Amino acid sequence: KMTALLKKDSTVPPKAVLEAMEKRLETMKKNLAGQQVAVYPIHLAKGKAPGCTKRLIDAINNRGLFKAVAGTADPSLNVEGSHNEQRVLWGAAREFGKFIKKNPPRTDYALYLDYGVCGPEVKIPDGIKREASYVHLILCTKAGEVVMVDFQNSHHGDFKQIMPKTCQDCDRLALVRLAARLGK
């Protein structure tokens, strides 16, 4: 019963929408060499870390996944919190798609990342050191159509392998996930 309830509460789109996303991802993979992707400011559980975004852009370009450039605006998404991580993730995907439709980039695609970490760039009010709890990636076309939604938390193999504690660790995990999803 609990699994069914969580699935219903997750707001994961229907199968037809997921299949359309997979087709868009396949199209991107076929044309990857010439694609340019705007990477928007990375959001953290508590705050933002501009240095983190630049570091990830450099890592993507050094790895040759695609041509990454900085996004021109900060998509401060209004996503309702929930105990259900899938609900938060898919809510963010819908909000980011809307943001991109209203603010289309000059690139072919747009990438949004959210790290569940309070890294060294962020002052933590209570002073408690925390490890990362998740890494969310959302990739959209320049028209705001969702291409990829990917999340990692302590239940996933790549997350367990890296065990992220800092923004840099989350960058590494994001790079691993992007490479895996893009077949690189």
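The structure reproduced in this document is the subject of the present report. From a predicted model like this one, the values you see are computed outputs, not experimental measurements.

With respect to unusual backbone geometry
So, step 1. The phi torsion at Met163 lies on the positive side, around 45 degrees, for a residue other than glycine.
So, step 2. Within the element layout of this structure, Met163 appears in the loop between helix 5 (157–162) and helix 6 (167–182).

Remarks on helix 4 (residues 85–102)
So, step 1. Compared with an ideal rise of 1.5 Å per residue, which puts 18 residues at 26 Å, helix 4 spans 26 Å between its outermost C-alpha atoms and is within 8% of the ideal.
So, step 2. Of all the residues in helix 4, the buried ones are Glu85, Val88, Leu89, Trp90, Gly91, Ala92, Ala93, Phe96, Gly97, Phe99 and Ile100.
So, step 3. Residues of helix 4 that are buried in the fold lie against helix 2 (15–30), strand 5 (109–115), strand 6 (134–141) and strand 7 (146–153).

Some details on the pattern of salt bridges
So, step 1. Scanning all chains against the criterion turns up 9 salt bridges.
So, step 2. Across the salt bridge formed by Asp150 and Arg177, the nearest N and O atoms sit 2.7 Å from each other. In this pair, Asp150 is assigned in strand 7 and Arg177 in helix 6, connecting sequence segments 27 residues apart. Of the two residues, Asp150 and Arg177, both sit in the buried class.
So, step 3. As a salt-bridge pair, Asp150 and Arg181 come within 3.1 Å of each other at their nearest N and O atoms. Of this pair, Asp150 sits in strand 7 while Arg181 sits in helix 6; the two residues are 31 residues apart in sequence, bridging distant segments of the chain.
So, step 4. The exposure class of Asp150 is buried, given its relative accessible area of 4%.
So, step 5. The class for Arg181 is partly exposed, based on a relative accessible area of 21%.
So, step 6. Taken together, the salt bridges that share partners define one network made up of Asp150, Asp158, Arg177 and Arg181.

Criteria and thresholds
- Residues numbered from 1 in each chain as written.
- Predicted model: local features only at pLDDT ≥ 70, side-chain atom pairs only at ≥ 80, totals over all residues.
- Heavy atoms only, no water.
- Helix = DSSP H or I, 4+ residues; strand = E, 2+ residues; numbered from the N terminus.
- Expected span 1.5 Å × (residues − 1).
- Buried < 20%, exposed > 50% of the residue type's maximum accessible area, 1.4 Å probe, protein only.
- Contact = heavy atoms within 4.5 Å.
- Salt bridge = Lys/Arg side-chain N within 4 Å of Asp/Glu carboxyl O.

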